[in-house]
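# Results of the structural survey
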Amino acid sequence: KAGVTQTPRYLIKTRGQQVTLSCSPISGHRSVSWYQQTPGQGLQFLFEYFSETQRNKGNFPGRFSGRQFSNSRSEMNVSTLELGDSALYLCASSFPGQRTDTQYFGPGTRLTVL
Amino acid sequence: GENVEQHPSTLSVQEGDSAVIKCTYSDSASNYFPWYKQELGKRPQLIIDIRSNVGEKKDQRIAVTLNKTAKHFSLHITETQPEDSAVYFCAASIGGSQGNLIFGKGTKLSVKP
């Protein structure tokens, strides 16, 4: 099976702009989780979507939002970008309900905010 | 809030030696504990995981132990090799939901030949 894919891989934006990142899960996986990775804070959970519904949400401001489509692909949006939003954004997919519903990560989108 | 503490932050060992990384978690409802390896510029890769109904799990040179009473779990790598050099992250599920992981800050492991 093809792995988790994310587009774009690299993105440069300026403060105040908004950005949309995309994640395509492994075929058959219905859960998609998003994480922000920075050198200072490490890996932090943003939110999880399952069957087009947000199931869990981390402690991030409302500028961070997401959605999931009927084919399980997911997007996350960050509005009014701040310098501190520069990070690697990772998504991970899993097949909840099975005993081995491991999360598999995509390669990430490297966002730089200038 | 819930958190996972991971120690040490850096670890340097000689090739062939063992490496141990330790994590503690705060959410008593956590029931799933994966370990990920991340090489520079690459995605985190699952190397082993353990669920709350098991105390120990092994996979070749890698083993994980879990002490639910102490809310503590550890990664053991034996016979380390230079290719084991990477950053290792422990994680714990939050509120029993395995779609929501809280990660430790990571351990940078260096294996010297």
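These lines cover the structure that appears in this document, whether it is placed above or below. (Residues numbered from 1 in each chain as written. Chains lettered and ligands numbered in written order. Predicted model: local features only at pLDDT ≥ 70, side-chain atom pairs only at ≥ 80, totals over all residues. Heavy atoms only, no water.)

## Points about the sheet that holds strand β3 (residues 19–24) of chain A
Residues and elements named next belong to chain A. A sheet is described by the order of its strands in space; here 4 strands give the open sequence β1-β3-β8-β7, paired in antiparallel fashion. Whereas interior strands pair on both sides, the edge strands pair on one side only; in this sheet they are β1 (5–7) and β7 (64–68). Looking at each pair of strands side by side, their axes are set apart by 20° on average, direction ignored. Alignment of β7 against strand β8 (residues 74–78), held across 5 bridges, turns out to be antiparallel. Within β8, the position partnered with Q68 by the bridge is S74. (Pairing = 2+ DSSP bridges. Helix = DSSP H or I, 4+ residues; strand = E, 2+ residues; numbered from the N terminus. Axes fitted to C-alpha atoms, helices over the stretch in contact; angles between N-to-C directions.)

## As for the environment of L88 of chain A
The residue L88 of chain A is located in strand β9 (residues 87–94) in this model. Remark: the alpha-carbon pair of L88 of chain A and P39 of chain A, spanning 49 residues in sequence, is separated by 9.6 Å. Beyond its immediate stretch of four places on either side in the chain, L88 of chain A contacts Y35, Q36, Q37, P107, G108, T109 and R110 of chain A together with Q38 of chain B. (Contact = heavy atoms within 4.5 Å.)

## Some words on the nonpolar core
In terms of nonpolar packing, the biggest core is built from 24 residues, with W35, F73, L75, Y88 and L109 of chain B touching the most fellow members. Setting aside residues up to four positions removed in sequence, L109 of chain B forms contacts with L11, V13, A19, I77, D84, S85, A86 and Y88 of chain B. (Core = buried A, V, L, I, M, F, W, Y, C linked by side-chain atoms within 4.5 Å. Buried < 20%, exposed > 50% of the residue type's maximum accessible area, 1.4 Å probe, protein only.)

## Side note on the sheet that holds strand β3 (residues 19–25) of chain B
Backbone-to-backbone hydrogen bonds pair the strands of a sheet. The strands run either parallel or antiparallel. Residues and elements named next belong to chain B. Here we have 5 strands laid out as an open sheet, ordered β1-β3-β8-β7-β6, and antiparallel in their pairing. Looking at strand neighbours, the two that pair on one side only are β1 (4–7) and β6 (56–59), the edges of this open sheet. Here the strands of the sheet are splayed against their neighbours by 15° on average, with no regard to which way each runs. Alignment of β6 against strand β7 (residues 62–67), held across 4 bridges, turns out to be antiparallel. What sits directly across from K58, in β7, is A63.

## A closer look at the state of the cysteines
Residue and element names in this part refer to chain A. In total, this model carries 2 disulfides over all chains according to the counting rule given. With its sulfur 1.9 Å from that of its partner, C23 forms a disulfide with C91. As the torsion about the S-S bond is roughly 75°, the C23-C91 disulfide counts as right-handed. Here C91 lies in strand β9 and C23 lies in strand β3, a separation of 68 residues in the sequence. Like C23, the residue C91 is buried in the burial classification. (Disulfide = S-S within 2.5 Å.)

## Quick notes on the interface of chain B and chain A
Taken together, the contact between chain B and chain A spans 17 residues of the former and 21 residues of the latter. Where chain B abuts chain A, roughly 1,700 Å² becomes buried across the two surfaces, and 45% of that area is made up of carbon and sulfur atoms. In this structure, the connection of chain B to chain A is made through 0 salt bridges. With 6 residues, the top contributor of residues to the side of chain B that touches chain A is strand β10 (residues 97–103) of chain B. A breakdown of the residues in the side of chain B that touches chain A according to their chemical character gives 7 nonpolar, 6 polar and 4 charged. (Buried area = accessible area lost by both parts, 1.4 Å probe. Salt bridge = Lys/Arg side-chain N within 4 Å of Asp/Glu carboxyl O. Nonpolar A, V, L, I, M, F, W, Y, C, P; charged D, E, K, R; others polar.)

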